[in-house]
There are 4 protein chains.
Amino acid sequence: MRKVRIGIIGAGRIGKLHAENLVRNGQVQIAGIADPFAAQMEEWAAKLGISKVISEPLELIQDPEVDAIFICSPTTTHAQLIIEAAKAKKHIFCEKPVSFDPEQTREALRVVEAAGVKFQTGFNRRFDRNFKHVAQAIRAGKIGDTHIVKITSRDPDAPPKPYILHSGGLFMDMSIHDFDMARYLTGAEVEEVYVQGAVLVDPVFEECGDIDTALVTLKFSNGALGVIDNSRRAVYGYDQRVEVFGSGGAISVQNEFPNSAELMTSEGIYRDKPHYFFLDRYNQAYVEETNEFIECILEDKPVAVNGYDGLAAELIARACDKSYRERRPVKLSEL
Amino acid sequence: MRKVRIGIIGAGRIGKLHAENLVRNGQVQIAGIADPFAAQMEEWAAKLGISKVISEPLELIQDPEVDAIFICSPTTTHAQLIIEAAKAKKHIFCEKPVSFDPEQTREALRVVEAAGVKFQTGFNRRFDRNFKHVAQAIRAGKIGDTHIVKITSRDPDAPPKPYILHSGGLFMDMSIHDFDMARYLTGAEVEEVYVQGAVLVDPVFEECGDIDTALVTLKFSNGALGVIDNSRRAVYGYDQRVEVFGSGGAISVQNEFPNSAELMTSEGIYRDKPHYFFLDRYNQAYVEETNEFIECILEDKPVAVNGYDGLAAELIARACDKSYRERRPVKLSEL
Amino acid sequence: MRKVRIGIIGAGRIGKLHAENLVRNGQVQIAGIADPFAAQMEEWAAKLGISKVISEPLELIQDPEVDAIFICSPTTTHAQLIIEAAKAKKHIFCEKPVSFDPEQTREALRVVEAAGVKFQTGFNRRFDRNFKHVAQAIRAGKIGDTHIVKITSRDPDAPPKPYILHSGGLFMDMSIHDFDMARYLTGAEVEEVYVQGAVLVDPVFEECGDIDTALVTLKFSNGALGVIDNSRRAVYGYDQRVEVFGSGGAISVQNEFPNSAELMTSEGIYRDKPHYFFLDRYNQAYVEETNEFIECILEDKPVAVNGYDGLAAELIARACDKSYRERRPVKLSEL
Amino acid sequence: MRKVRIGIIGAGRIGKLHAENLVRNGQVQIAGIADPFAAQMEEWAAKLGISKVISEPLELIQDPEVDAIFICSPTTTHAQLIIEAAKAKKHIFCEKPVSFDPEQTREALRVVEAAGVKFQTGFNRRFDRNFKHVAQAIRAGKIGDTHIVKITSRDPDAPPKPYILHSGGLFMDMSIHDFDMARYLTGAEVEEVYVQGAVLVDPVFEECGDIDTALVTLKFSNGALGVIDNSRRAVYGYDQRVEVFGSGGAISVQNEFPNSAELMTSEGIYRDKPHYFFLDRYNQAYVEETNEFIECILEDKPVAVNGYDGLAAELIARACDKSYRERRPVKLSEL
């Protein structure tokens, strides 16, 4: 049985997660890991049975024993690594966003296309059982024509200042997942955005020239309207829900919980909070996402979320930045 | 427009409740109230526009200006009052239980039948929107043949000792509603019972020769099985739910709540407790129950819950007492 | 015991509803009803025990046997009737909107103020047990500082064309309740709005120069952000929910249902739709609203929703119209 | 890093499931599989990287390269295999029931004890996140003293006749999990049972001398009461819920679902059925159960569910059989 040989670039939180999921896929062999802090990764890698841990990503990219590259390094490095990997004819899985600059993303995707390799963007939420179910129900006509999309997406707590400074801002770092979700659920393009944003959670966001709370309204190519609400701090945990309303009905999904227990006492009725953050909430979605990528390589099928999906979300983020700065609705066609 | 002229015997908690509901029914006139503590009732009665408040029930029963009698006095007085009212050709609404002694109940019902007057037993829960919906769904075949009936019925707190002593015991006082519910939901008769009972809430029940916690299993004439669980103290409030399982599915209903608010904080997710007790929970059911009785009189229709329903529930209570004492299953046919 | 003597102007759907609720209030006497189709109202009025049914509203307003006026006639007649009633020193309950023209509303409220009479605007939703609970929880600090308010408000079906033509448009007719809700929940003023609107439900709205679907984003004086989503047709029934998110948590309330039954079959799990429309959903809120008004008169307390609340909501509606036409965010201070 | 070397006896549905879970545990090596139909297992085993597939269980038991044995063969073979494995000083994981005959179980456990090896019974439900949470909440005093335990346990469909004939009957085959759950949740022993049973699902159960529907009431050593309701066919899927009521409150858990989507249409509100059967519902619990067993071996800790837990559940099943046949409550001390 043929195995896909994977090289992973960047072994931070998300790179490690992918590695741990990939070792459980019977059709995968992890050929090596490249990370600037290679020495510190060795013990962790050994436990997974990965012996090659190097600091130089190009070495991994050019290794003939590698079929595909997972790009999990900082966003600013993505475009160049994509170009190198594509030239080396490796399939590519790239974390979001593809880059902070749509022009760079376009350039990288041109090389990918010329090389004819697979390219999947790390929009893991498309693989969540609930959101997938909603998208399928909409495609199956269960709610008729889509009129209104509502996406709730709130993090449990604000990241530290250094993260904020290099995050690309709320829209590029956090809402980008919601922009992809909006496109995924509607199957339509976003044509116009309007942002109301504020710093309500922590003044550190203002210091960083960023915001922490936003309402983004969207106008879609199929006539539907949408709204995303984001906050950097929901004290009750990661809040990730969608509701889609249409001519034939509405469909909504809830958060995921560690248990379904309901405790009734003289004080009231309690249940535990939803999962704390994405590693818990999207645990299984991350597994599905990588398994799907491997299957697409092995069966030569188109990937579920390609580079243009990544680009489209970046363009929406860009339009949101402009709308927030200029305090007016912005059409994507203006960019 | 003709009005039904009502005499109410007994103006305790439940008699007052019926009076207050009846004054809102446009087809009712309250002709008078009889209560041993008549003098103390006058202010309350005046507010409702009731001027006749007397201490002697027979005077009310024999009043030619009275069409129907509500019997809300202590259970030990019911049978005699029913007989007098029936002989006076008054329609009768009687609180549960009809009597503590099935033989007395039978005797009273014989007089009622001979007199040809309406007789409704105060099983208010049949008029609850949720339980009514379940019964209708079952009749409509939504769950196929009934296999298992589960009734949860827990009071929010134990009554005081004097109440317990004159209550007739857990089965006759409290579970009797559940016995009627079991018959109502299944449309079948209870043929056999088995009781597991205990004093777990408060030793006062033992002092009174009573129990405070029970599991009653039932065998129905249509082959279905049932279980009722009772407690005299659910610290989170009145717990009144049913679940019916059958060959084609299952149907269940929940408690009623003062609001549907869900509060999510760093401590968890919270909602308010269900309604505290029967006056809140069955508020509307009590209205429906009296309105239905009035309608049955005006339109000469059979009542929804008649005296034989009252008798049937008393017999089940009697069988449960026997089962608990003799620690064995008891057939209703043994009584 | 003193009774408040009420004159009702306009006996359409809502006027009749108020009359039927008022007759159940023991401290009210309905002195008369004025409606252009008086003759057709007599039978209905007689059933409620109301003998005076006239066609001329001024006669009722000037009747010395009347303490307070309910204005339930078409919106275009409100301002003039308010002025007449205030001059006649009658307390006033006026249906929403007070008028279609904020200037007219201001003028009417000036006369009311000069006359020193009570004036309550018919924002019934403030009396809904769920929304009231949310407002109280927020006031009590349960969710900390408010960051995001989300209001879902969808009608079950589009009104007929003649209604649409005289409705004042989506914002003045339908969303106006949501504007009041937004102010009620936050305890803050709306400072800026942005509208994304569309005709997605029925082209008849376009023919009438109106829209049927809208996302309204709001910016509040306390820094919070808000979004209202409106549709003229939710095929599953009246959809009325709110969710408020803050620094300390979030609180949300659900629709109201005719029952809580859950039916599980081989096809899935079903429950009945929420209440069909406002008469069912807000049944009890309408009772509370009128009872509260009567109590404010009898105890000389300030009303819960006054004329300036009515005016504030009209101004938001006006700003929304402007935002929709000019396709840009509009500050209330621009009006 | 030391690995536990496992031999699996019996590669039917459950043996395969354990094998597939064990290969994902980094501290396990599957040394071999013994199944009478070894030849048919080879392809499946090869995919898991297991090369040794034999037909003779004793060969596996006596293999010095094996540390622990999973007994997944038919129940009638368990006792003898346990004895052999214990004598060979292998740790043992044994599927439920340990045997159909408590005396045989006792005998096997005596040998296990003498050998000093670990023995875990396959009561997977103790590892379900929801039931575990309930047990922990009870231990933590969240509901005070336990008064009433209610366990709902219904299979989605009846097994085929040959399975029924060799199943040991409803109590030994199916309810045995619920007997263990009852002990697990209460932390108490069952002292008395009473069964109401019936054939309502399919006459094939009568042909096999078995029943398909039962209500089992339990009396616990701590005074609590319990009821289990079982059906062999719930058309809406596997129904596995518990509710525990006590002096300080109540706690309940729901089924698990493939998604949380709620679809609202003009027909009502719909959600998908719960998971179909145990492989879906307890998917993760099976993983936890085997991981825990491995951990107990590696860290020399006592197992979470030992052989005496298996025996206790068998004795309850035996008492239930007797109660059903003799139509009376049966004390465990009578056995």
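Source: prediction; values computed, not measured. Going along each chain's sequence as written, the residues are numbered from 1 onward. Lettering of chains starts at A and numbering of ligands starts at 1, both following the order in which they are written. Only residues with pLDDT of at least 70 are given local features in this predicted model, and only at 80 or more are side-chain atom pairs given and counted; all residues enter the totals for whole chains, interfaces and linings. Hydrogens and waters are ignored; side-chain quantities use all the structure's heavy atoms.

1. What about the overall build of chain A?
A tally of helices and strands in chain A yields 12 helices and 15 strands. Taken over the C-alpha trace, chain A has a radius of gyration of 20 Å; the compact-globule value for 335 residues is 20 Å, and the two agree within 12%. Overall, chain A is about 55 × 55 × 45 Å in size when its C-alpha atoms are taken along their principal axes. By definition in these notes, contact holds between two residues if any of their heavy atoms fall within 4.5 Å. For chain A, contacts bridging at least 24 residues in sequence account for 71% of all contacts bridging at least 6. Here a strand is any run of E in DSSP of at least two residues, a helix any run of H or I of at least four, and the numbering for each starts at the N terminus. For this measure, only C-alpha atoms enter the radius of gyration; the expected value for a globule follows 2.2 Å times N^0.38, where N is the number of residues.

2. Brief notes about the domain arrangement of chain A
Residues and elements named next belong to chain A. Domain annotation for chain A reports domain 1 (4-117) and domain 2 (126-283 + 312-334). Segmentation into domains, and thus their bounds, comes from an automatic or database assignment. The C-alpha centroid of domain 2 is placed 28 Å from the C-alpha centroid of domain 1. In this assembly, 11 residues from domain 1 lie in contact with 12 residues from domain 2. Between domain 1 and domain 2, a total of about 1000 Å² is buried, with carbon and sulfur atoms accounting for 62% of that surface. In this description, buried area is defined as the sum, over both parts, of the accessible area (probe of 1.4 Å) that is lost when the two are combined. On the domain 1 side of the interface with domain 2, the three residues burying the most area are Arg13, Lys96 and Phe100, jointly 51% of the side's total. The salt bridge definition used is simple: a Lys or Arg side-chain nitrogen within 4 Å of an Asp or Glu carboxyl oxygen. Where domain 1 packs against domain 2, one counts 0 salt bridges.

3. Describing the sheet that holds strand S1 (residues 4-9) of chain B
Residue and element names in this part refer to chain B. Read from one edge of the open sheet, 6 strands run S3-S2-S1-S4-S5-S6, paired in parallel fashion. Each end of this open sheet is capped by a strand with a single partner; those strands are strand S3 (53-54) and strand S6 (119-121). Note on pairing: DSSP must find at least two bridges between two strands before they are called paired. Bridge analysis of strand S5 (residues 91-94) against S6 gives 3 bridges, and the strand direction is parallel. Each bridged residue has a counterpart across the sheet, and for Ile92 the counterpart in S6 is Phe119.

4. Some words on the packing of helix H4 (residues 75-87) of chain C against helix H5 (residues 102-115) of chain C
Residues and elements named next belong to chain C. In contact at an axis separation of 8 Å, H4 and H5 are set at 10° when each is read in the N-to-C sense. One element, H4, and the other, H5, form an angle in the roughly parallel class. Within the contact between the two elements, H4 uses Ala79, Ile82, Ile83, Ala86 and Lys87 and H5 uses Gln104, Glu107, Ala108, Val111, Val112 and Ala115. Think of each axis as a best-fit line through the C-alpha atoms, taken over the contacting stretch in the case of a helix, with angles from 0 to 180 degrees between the N-to-C directions. For classification purposes, an angle smaller than 35 degrees is called roughly parallel, one larger than 145 roughly antiparallel, one from 65 to 115 roughly perpendicular, and anything else oblique.

5. Observations regarding the interface of chain D and chain A
In this assembly, 24 residues from chain D lie in contact with 24 residues from chain A. Both faces combined, the contact of chain D with chain A buries some 1900 Å², and carbon together with sulfur accounts for 47% of it. Applying the counting criterion to the chain D and chain A interface returns 0 salt bridges. Residues adjacent in sequence count toward polar contacts only when both atoms are side-chain atoms; beyond that, a polar contact is any pair of N or O atoms within 3.5 Å, and within protein one must be able to donate a hydrogen and the other to accept it. Scanning the region where chain D abuts chain A turns up 14 residue pairs in polar contact (both at pLDDT 80 or more). For the side of chain D that touches chain A, the secondary structure elements donating two or more residues are helix H6 (129-139), strand S12 (249-253) and strand S13 (262-265) of chain D. Per-element accounting of the side of chain D that touches chain A gives the leading share, 5 residues, to S12(D). Among the residues making up the side of chain D that touches chain A, the classes are represented as 9 nonpolar, 10 polar and 5 charged. As judged from the 3 bridges shared by strand S13 (residues 262-265) of chain A and S12(D), these two strands associate in the antiparallel manner. Bridging across to S12(D), A:Glu262 finds its partner in D:Ser252. Each residue is assigned to one of three groups, with Ala, Val, Leu, Ile, Met, Phe, Trp, Tyr, Cys and Pro labelled nonpolar, Asp, Glu, Lys and Arg labelled charged, and all others, Gly among them, labelled polar.

6. Focus on the pairing of strand S10 (residues 225-231) of chain B
All names here are of chain B. Type-normalised accessible area, obtained with a 1.4 Å probe on protein chains alone, sets the label of each residue: buried when under 20%, exposed when over 50%, and partly exposed for intermediate values. Taken across its 7 residues, S10 has 7 buried, putting it largely inside the fold. Neither face of S10 is open: one carries Leu225, Val227, Asp229 and Ser231, the other Gly226, Ile228 and Asn230, and all of them are buried. Across 7 bridges, the pairing between strand S7 (residues 146-154) and S10 is parallel. Each residue of the ladder has a partner; that of Ile148, found in S10, is Leu225. The pairing of strand S9 (residues 213-220) with S10 spans 7 bridges and is classified as antiparallel.

7. Here we look at the UniProt feature "domain: Gfo/Idh/MocA-like oxidoreductase N-terminal" (unreviewed entry) in chain A
UniProt positions are given in the numbering used here, feature names are shortened, and annotations may be inferred rather than shown by experiment. Feature annotation in UniProt assigns "domain: Gfo/Idh/MocA-like oxidoreductase N-terminal" (unreviewed entry) to the following positions: residues 4-123 of chain A. In residues 4-123 of chain A, helix accounts for 44% and strand for 22%; the two terminal C-alpha atoms are 21 Å from one another.

8. Brief notes about the relation of the copies chain C and chain A
The copies were overlaid with a least-squares fit restricted to C-alpha atoms from residues scoring a pLDDT of at least 70 in each copy. At an RMSD of 0.0 Å, chain C and chain A line up after a rotation of 180° and a shift of 0.0 Å along the axis. Both copies of the chain, as the preceding transformation shows, are related through a two-fold rotation axis. When C-alpha positions in chain C are compared against the rotation axis, the closest is assigned to C:Arg328, at 3.0 Å. Comparing interface residues between copies, 97% of those in chain C also lie at the interface in chain A; the contact surface is shared.

9. Details of the interface of chain C and chain A
On the side of chain A, 38 residues touch chain C, which itself brings 39 residues to the contact. Summing both partners gives a buried area of about 3000 Å² for chain C against chain A, and 63% of it is carried by carbon and sulfur. For the interface between chain C and chain A, the tally reads 6 salt bridges. Linking C:Arg241 and A:Glu243 is a salt bridge whose minimum nitrogen-to-oxygen distance equals 2.9 Å. Along the contact surface separating chain C from chain A lie 10 residue pairs in polar contact (both at pLDDT 80 or more). Elements that contribute at least two residues to the side of chain C that touches chain A include exactly strand S7 (146-154), strand S8 (190-198), strand S9 (213-220), strand S10 (225-231), strand S11 (239-246) and strand S12 (249-253) of chain C. Of the residues contributing to the side of chain C that touches chain A, the split by class is 16 nonpolar, 13 polar and 10 charged.

10. Observations concerning the relation of the copies chain D and chain A
Superposing chain D onto chain A takes a rotation of 180° combined with a translation of 0.0 Å along the rotation axis, leaving an RMSD of 0.0 Å. Of the residues that chain D buries at the interface, 100% are likewise interface residues in chain A, meaning the two copies contact each other through the same surface.

11. Considering the side chain of C:Asp155
In this structure, C:Asp155 sits in the loop between S7 and helix H7 (161-165). The residues touching C:Asp155, leaving out its near neighbours within four places in the chain, are C:Met174, C:Ser231, C:Arg232, C:Arg233, C:Ala234, C:Tyr238 and C:Phe277.

12. Some thoughts on the pattern of salt bridges
The final tally for this structure, using the stated rule, is 123 salt bridges over all chains. Here C:Glu243 ties to A:Arg154 by a salt bridge, and the two come within 3.0 Å at their closest N and O atoms. Of the two residues, C:Glu243 sits in strand S11 while A:Arg154 sits in strand S7 (residues 146-154), which places them in two different chains. Taking the relative accessible area as the measure of exposure, A:Arg154 reaches 0% and is therefore buried. Between C:Arg106 and C:Glu103 there is a salt bridge, and its shortest N-O distance comes to 3.1 Å. With C:Arg106 and C:Glu103 both in helix H5 and 3 residues apart, this pair spans about one turn of that helix. Exposure remark for C:Arg106: the relative accessible area of 30% places this residue in the partly exposed category. According to the relative accessible area criterion, C:Glu103 is partly exposed, its value standing at 43%. Linked through salt bridges whose partners overlap, the residues forming this network are A:Lys150, A:Glu243, C:Arg154, C:Asp229, C:Asp239 and C:Arg241.

13. Some words on the UniProt feature "domain: GFO/IDH/MocA-like oxidoreductase" (unreviewed entry) in chain A
As annotated in UniProt, the feature "domain: GFO/IDH/MocA-like oxidoreductase" (unreviewed entry) corresponds to residues 131-251 of chain A in the numbering used here. Structurally, residues 131-251 of chain A comprises 29% helix and 36% strand, and the distance from its first C-alpha atom to its last is 10 Å.

14. What to know about the state of the cysteines
Simply put, disulfide is the name for a covalent bond between the sulfur atoms of two cysteines. Note on disulfides: each one is a pair of cysteine sulfur atoms within 2.5 Å. Per the stated rule, a full pass over the model turns up 0 disulfides over all chains. With no disulfide partner, B:Cys320 has as its closest neighbouring cysteine sulfur the one in B:Cys208, 19 Å distant. What makes B:Cys320 buried here is its relative accessible area of 0%. Considering cysteine sulfurs only, D:Cys94 is the nearest to D:Cys296, which forms no disulfide, with 16 Å between them. Overall, D:Cys296 belongs to the buried group, its relative accessible area being 0%.

15. Some thoughts on unusual backbone geometry
Residues and elements named next belong to chain B. Each neighbour pair has its own omega, and for Lys96 with Pro97 the value is -15°, a cis peptide bond. For Pro97, the location among the structural elements is in the loop between S5 and helix H5 (102-115). If you check the backbone angles, Lys89 has positive phi at about 65° while not being a glycine. Following the sequence through the fold, Lys89 ends up in the loop between helix H4 (75-87) and S5.

16. Details of the pairing of S7(C)
All names here are of chain C. Counted residue by residue, S7 has 9 buried out of 9 residues, so it is predominantly covered. Relative to S11, S7 runs antiparallel, the two sharing 8 bridges. When the sheet's bridge partners are listed, Val149 is paired in S11 with Val244.

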